[in-house]
Amino acid sequence: MIGSIAQRLDEIRPHLPASVRLIAVTKQVSLEAMRAAYAAGIRDFGENRVQEAEFKKAQLQDLPGIAWHLIGHLQTNKARKALEIFDLIHSVDSLKIALHLDEIAQKLDSQPQILLQVKLLTDANKYGWIVPNLLSHLAALDRCPNLKIQGLMTIPPLGLDSLKTLAVFEQTRDLADRIRQQNWFNIRMQELSMGMSDDYRLAVKAGATMVRLGRILFGERTV
Ligand SMILES: *Cc1c(COP(=O)(O)O)cnc(C)c1O
């Protein structure tokens with residue numbers, strides 16, 4: 001890829017309002033590239049595997065002030081480790097994993113910040129709540145006293161045109177508004193994690209508060 005990460009950030013930043021948090025997605029990205037991103041001002045790293053993040057976090061311990069984001073599907077047997085490593089889990093995608101995280105958080109005396117992953121179209125990727133299921137699980141989620149539920153995360157299906165992609169982001173924002181109006185006790189709806197390299201500008205237009213950028217910062221992944 002041509003240019004330094006600092007240059008690529010300079011091209012992206014004008015499209016991001018100051019209030020939008022840029023999460024650098026570093027799955028399969030080298031520690032050297034992560035250090036360069038840190039030097040260019042990145043403080044949020046997103047990983048989709050617990051073990052890879054655990055390794056990298058240990059290797060980058062000398063860099064203060066990093067927030068680690070889990071953006072990939074979480075299995076119950078990795079939940080404890082995930083709570084130890086990550087500052088925000090974007091990918092809570094079922095009631096089962098939410099209840100499990102709540103139970104472990106209780107034991108660890110921690111209050112993890114999480115987002116609920118939804119899919120607005122049923123042919124979207126395999127993980128995430130479909131809307132009616134999410135709505136019917138809200139009462140149970142609201143009774144998870146240890147979870148700090150902050151908002152929604154979504155990944156549109158691959159290959160949608162920009163109008164349809166924008167519609168998915170807008171529907172996600174509208175869903176968050178609708179949930180917020182229900183005035184739950186424990187559920188906040190202030191964060192919207194949506195937008196990746198190819199569609200982050202549409203996501204920002206629809207009200208994203210966090211974008212998750214990989215290839216546009218680090219180049220194509222090899223796998
Ligand atoms: C890989 C990944 C990203 C980043 O995708 P790019 O197209 O490389 O920007 C964002 N979100 C999730 C959940 C991912 O798995």
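Please read these numbers as outputs of a predicted model, since none were measured by experiment. (Residues numbered from 1 in each chain as written. Predicted model: local features only at pLDDT ≥ 70, side-chain atom pairs only at ≥ 80, totals over all residues. Heavy atoms only, no water.)

Colleague: Lay out the packing of helix α2 (residues 31-39) against helix α3 (residues 50-59) with the relevant residues and their values.
Modeller: The N-to-C vectors of α2 and α3 enclose an angle of 60°; their axes lie 11 Å apart at closest approach. As summarised for this structure, α2 and α3 are arranged oblique, according to the angle between their axes. Classified by chirality, the crossing of α3 by α2 is right-handed. Facing α2, whose interface residues are L31, M34 and R35, α3 presents F55, K56 and Q59. Of the residues contributing to the contact of α2 with α3, the split by class is three nonpolar, one polar and two charged. (Axes fitted to C-alpha atoms, helices over the stretch in contact; angles between N-to-C directions. Helix = DSSP H or I, 4+ residues; strand = E, 2+ residues; numbered from the N terminus. Parallel < 35°, antiparallel > 145°, perpendicular 65-115°, else oblique. Left-handed = near helix turned anticlockwise from the far one by under 90°. Contact = heavy atoms within 4.5 Å. Nonpolar A, V, L, I, M, F, W, Y, C, P; charged D, E, K, R; others polar.)

Colleague: Lay out the layout of surface pockets with the relevant residues and their values.
Modeller: There is about 760 Å³ of room inside the largest pocket. Lining the largest pocket are 31 residues, and of these I155, P156, L158, M196 and R212 sit closest to its centre. Counted by class, the lining of the largest pocket contains 12 nonpolar, 10 polar and nine charged residues. Empty space within the second largest pocket amounts to approximately 210 Å³. In the lining of the second largest pocket, the residues fall into three nonpolar, five polar and two charged. (1 Å grid on protein atoms, 1.4 Å probe; cavity = no way out; pocket = protein on both sides within 12 Å on 5 of 7 lines; lining within 4 Å. Points joined across faces, edges and corners; volume = space filled by probe spheres on them.)

Colleague: Describe in detail α3, supporting the description with residues and values.
Modeller: Among all positions in α3, only V50, A53 and K56 are buried. Down the axis of α3, the smallest arc covering the buried residues is 130°, so these residues share one side. Buried residues along α3 sit against α2, β2 (44-47), β3 (67-70) and α4 (79-85). (Buried < 20%, exposed > 50% of the residue type's maximum accessible area, 1.4 Å probe, protein only. Arc of directions from axis to C-beta.)

Colleague: Which residues make up the packing of helix α6 (residues 131-142) against helix α7 (residues 162-181), and what values go with them?
Modeller: For the pair α6 and α7, interaxial distance at closest approach is 12 Å and the crossing angle is 20°. In terms of orientation, α6 and α7 fall into the roughly parallel class. Viewed along their axes, α6 and α7 form a crossing whose handedness is right-handed. Where α6 abuts α7, its residues V131, L134, L135 and L138 lie against L175, R178 and I179. The class makeup of the residues in the contact of α6 with α7 is six nonpolar, no polar and one charged.

Colleague: I'd love a proper account of the pattern of salt bridges, names of residues and values included.
Modeller: Pairs may arise between side chains of opposite charge once their charged atoms sit close together. Evaluation of the coordinates by the stated rule reveals 10 salt bridges. Salt-bridge contacts for E52 lead to K56; the nearest nitrogen and oxygen are separated by 2.8 Å. Placement of both E52 and K56 in helix α3 is noted, with a separation of four residues, approximately one turn of the helix. Judged by its relative accessible area of 5%, K56 falls in the buried class. A salt bridge links R215 to D198; its shortest N-O distance comes to 2.9 Å. Within this pair, whereas R215 is found in helix α9 (residues 215-218), its partner D198 is found in the loop between β8 (187-193) and α8 (200-205), the two being separated by 17 residues in sequence. Beyond isolated ion pairs, a larger network of salt bridges with shared partners links E47, E52 and K56. (Salt bridge = Lys/Arg side-chain N within 4 Å of Asp/Glu carboxyl O.)

Colleague: So what's going on with unusual backbone geometry? Which residues, and what values?
Modeller: The backbone of Q28 shows a phi angle near 65°, a positive value even though the residue is not glycine. In this fold, Q28 is placed in the loop between β1 (21-25) and α2. With a phi close to 55°, D109 is a non-glycine residue in the positive phi region. Tracing the chain through its elements places D109 in the loop between α5 (95-108) and β5 (113-119).

Colleague: Provide a residue-level description of the nonpolar core, including the pertinent values.
Modeller: Ranked by internal contacts, the top residues of the largest apolar core, which has 68 residues, are I89, L116, L134, L141 and L152. The contact partners of L141, leaving out residues within four places of it in the chain, are L95, A98, L116, W129, L134, I149 and I187. One finds I23, L88, M153 and M210 within the second-largest nonpolar core, a separate group that totals five residues. (Core = buried A, V, L, I, M, F, W, Y, C linked by side-chain atoms within 4.5 Å.)

Colleague: I'd love a proper account of the environment of D10, names of residues and values included.
Modeller: The residue D10 is located in helix α1 (residues 5-12) in this model. For D10 and A37, which are 27 residues apart along the polypeptide, the C-alpha to C-alpha distance reads 12 Å.

Colleague: Break down the site of the ligand for me, citing the residues and quoting the values.
Modeller: In the region of the ligand, the neighbouring residues are V25, K27, I71, I155, M196, S197, R212, L213, G214, R215 and R221. Separating a nitrogen atom of the ligand from a side-chain N or O atom of R212 is a distance of 2.8 Å. In this structure, an oxygen atom belonging to the ligand sits 2.8 Å away from a side-chain N or O atom of R221. When the free accessible area of the ligand is taken as 390 Å², the share hidden by the protein chains comes to 92%. Residues belonging to the shell around the ligand are distributed by class as follows: five nonpolar, two polar and four charged. (Near = heavy atom within 4 Å. Polar contact = N/O pair within 3.5 Å; in protein donor to acceptor, adjacent residues only side chain to side chain. Areas by Shrake-Rupley, 256 points an atom, 1.4 Å probe, with all protein chains shown as cover.)

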